[in-house]
Amino acid sequence: MQQLAPLVKSISDFFWNNILLFLLFGTGIWFTVRMRFIQVRRFGHGLARLFGGFSLNGKKADHEGMSSFQALTTAIAAQVGTGNIAGCAVALVSGGAGAIFWMWVSAFFGMATIYGEAVLAQTFRTTVDGQVTGGPIYYIRAVFKGKFGKFLAGFFSIAIVFALGFTGNMVQANSISDAFHNAFGLPKLAVGLVTAAVAAFIFLGGVRRIASFTEKVVPIMALFYIIGCTALLVINHEAVPETLRMIFTSAFSTQAVVGGAAGISVQQAMRIGVARGLFSNEAGMGSTPHAHALAKVKHPQEQGEIAMVSVFIDTFVILTLTAMVILTSGVLGSGATGAALAQLAFSQKFGWFGDAFIAMCMLFFAFSTIIGWGLYGSRCIEFLFHTDKVVGPFLVVYSFVSILGATVDLGLLWSIADTFNGLMSIPNLMALLLLSGTVAKLTKEFFAGEGAGK
């Protein structure tokens, strides 16, 4: 296993850095141009829909789907995971402050991509065994006919089950057990058992319970983290202007590594920042459309507008706050990385509470991701077996994979998860690009009707 890990990592790195990075970024630019900067023109409308539908106890989800707000919080639950803390820290260590600027750039274009994904998920959603369902598998089959379309949809489904359903789940569970073991000394097996039991309880309640969980937990976890980061930034307020200047200047100049002799090139900062941003907000990867397909809205474009907000919250709010906290605290050259770097930043000012704070945030972020990814995996299992009768057994197995993830060394699984994340993106991006004309036409018709007061 130790010998296999470097090989899998090198394959994953080559795939992401030389193929997928350009496909994801290019698709975002294409949708931005094709939709005439939809993320700028309609961002205000997306925010209005978010706050208009805000509720910690909204209408109960049913066989017809969930509310637009519940669909958004389910998508954000999956997007905002341990990568928003640990992943951001790793990006800063390897890409420098300039990587943050390129995260913002990737997120800006990613907002247009995810708009297209949500519109298509709504347009091509269907009903299986009386339950509304949807996602890339259905618009892939719509654009690619015959055996090839069936192969691509099946390939996507298998990739997402492995990427998110098993290896991704184990990674998130491991992050929870590590954080609680380090902060409170709790046994990893015990943390894994509790994680699995709670996840199974939520899943066995179906879409209704998942929607109820995400609409309550996601706003609370986001607010909790935002308040903590803001408090630390207030304490470090004198360093904020210089940090912002450093982010912009480092994005276009070679950076000296803090505590080292080597330098980080502009290309390296760009590559790491764009890859980290796209990996975090999941725009173009084909995961979030499963949630947005379930939203009960009058027009697909309405869910497309609110989907753009999820990328904004993930990258421009959560990831940016993590980066600012680390950079203003001056801990970047400490030798720590991942979640430990964020814990160091908080513990400098808040002592033991800083470690506990990050542990709690890791719990919220990772567990909500487990719930979101479980929903996505169940939709693909449902498609592969053509029935929803396999969903229950899959989710039980999926939940208890958390126990294994909490207790094993995940060096190899990180690379496997990254590889399958990339593989599942290919069919989705192919379908997105070929259906961009459909999205543009539907968008134009919607705006024309809206302008006419329809």
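Reading the values: rules and limits
- Per-chain numbering applies: the sequence of each chain, read as written, is numbered from 1 onward.
- pLDDT decides what is reported in this predicted model: residues at 70 or higher carry local features, side-chain atom pairs at 80 or more are listed and counted, and totals for whole chains, interfaces and linings draw on all residues regardless.
- With hydrogens and water set aside, each side-chain value is computed from the structure's full complement of heavy atoms.
- Numbering goes from the N terminus for both helices and strands, where a helix is a DSSP run of H or I of at least four residues and a strand is a run of E of at least two.
- Note on classification: 1.4 Å probe, protein chains only; a residue is buried when its accessible area is under 20% of the maximum for its type, exposed when over 50%, partly exposed between these limits.
- Two residues form a contact once any of their heavy atoms are found within 4.5 Å.
- Pairing of aromatic side chains here covers Phe, Tyr and the six-membered ring of Trp, requires ring centres within 6.5 Å, and sorts the geometry by plane angle: under 30 degrees stacked, over 60 edge-to-face, intermediate tilted.
- Whether a charge sits over a ring depends on NZ of Lys or CZ of Arg being within 6 Å of the ring centre and within 35 degrees of the ring normal.
- Any pair of nitrogen or oxygen atoms within 3.5 Å is treated as a polar contact; in protein, a donor-acceptor pairing is required on top of that, and neighbouring residues in sequence qualify only through side-chain atoms on both sides.
- Lines fitted to the C-alpha atoms define the axes, with helices restricted to the stretch that makes contact. Angles between their N-to-C directions range from 0 to 180 degrees.
- Under this scheme an angle from 65 to 115 degrees is roughly perpendicular, one under 35 degrees roughly parallel, and one over 145 degrees roughly antiparallel; angles in between are oblique.
- Crossings are sorted by hand: turned counterclockwise from the far helix by less than a right angle, the near helix makes the crossing left-handed, and turned clockwise it makes it right-handed.
- For patch detection, residues must exceed 30% relative accessible area and be free of salt bridges, and they are connected within 9 Å for like charges or within 5 Å for nonpolar side chains (Val, Leu, Ile, Met, Phe, Trp, Tyr).
- What sets the accessible areas is the Shrake-Rupley method with a 1.4 Å probe; for residues, cover comes only from the shown protein chains.
- A side-chain nitrogen of Lys or Arg and a carboxyl oxygen of Asp or Glu constitute a salt bridge if their distance falls within 4 Å.
- In summary, the charge assignment counts Lys and Arg as positive and Asp and Glu as negative, without counting His or the chain termini.
- Charged groups are reduced to one reference atom each: NZ for lysine, CZ for arginine, CG for aspartic acid, CD for glutamic acid.
- Throughout this entry, Asp, Glu, Lys and Arg are counted as charged residues, while Ala, Val, Leu, Ile, Met, Phe, Trp, Tyr, Cys and Pro are counted as nonpolar. The remaining residues, Gly among them, count as polar.

Draft legend 1. Examining the environment of I381 more closely. Tracing the backbone through its elements, the reader meets I381 in helix α16 (residues 352–385). Classification of I381 by relative accessible area gives buried; the value is 10%. Sequence separation between I381 and N182 is 199 residues; the distance between their C-alpha atoms is 36 Å. Setting aside residues no more than four positions away along its own chain, I381 makes contact with V161, V390 and F394.

Draft legend 2. Here's a closer look at the packing of aromatic side chains. Applying the stated criterion to the full structure yields 30 aromatic pairs. Among the aromatic residues, those joined into a cluster by ring pairs are F224, Y225, F346, F350, W352, F353, F357, F364 and F365. R209 extends its terminal NZ or CZ atom over the ring of F201, reaching a point 4.2 Å from the ring centre.

Draft legend 3. Highlighting the environment of W30. Here W30 shows up in helix α1 (residues 4–34). For the pair W30 and T113, spaced 83 residues apart in the sequence, the C-alpha separation amounts to 8.5 Å. Residue contacts for W30: discarding those within four places in its chain leaves L433 and S436. At 3.0 Å, the side chain of W30 and the side chain of S436 are in polar contact.

Draft legend 4. Broad picture of the side chain of S287. Position of S287 relative to the elements: it lies in the loop between α12 (266–281) and α13 (289–292). Of the residues examined, S287 reaches a relative accessible area of 1% and is grouped as buried. There is a polar contact of 2.3 Å between the side chain of S287 and the side chain of E282. If sequence neighbours within four positions are ignored, S287 has contacts with I160, L164, E282, Y376 and M424.

Draft legend 5. Seen up close, the packing of α12 against helix α14 (residues 300–329). Interaxial distance between α12 and α14 falls to 9 Å at its minimum, and their mutual angle equals 125 degrees. Relative to α14, the element α12 lies oblique. The chirality of how α12 crosses α14 is right-handed. On α14, the residues that touch G277, S280 and N281 of α12 are V311, D314, T315 and L319.

Draft legend 6. Region of the structure containing a positive patch on the surface. Taken together, R141, K145, K147 and K150 make up a surface patch of like positive charges. In this fold, K145 is placed in the loop between α7 (136–143) and α8 (146–184).

Draft legend 7. Representation of the packing of helix α6 (residues 98–123) against α14 in the model. Viewed as axis vectors pointing N to C, α6 and α14 meet at an angle of 155 degrees, and their least axial separation amounts to 7 Å. With respect to their mutual orientation, α6 and α14 come out roughly antiparallel. Judged by the sense of rotation from one axis to the other, the crossing of α6 with α14 is right-handed. Considered class by class, the residues forming the contact of α6 with α14 number 18 nonpolar, 9 polar and 1 charged.

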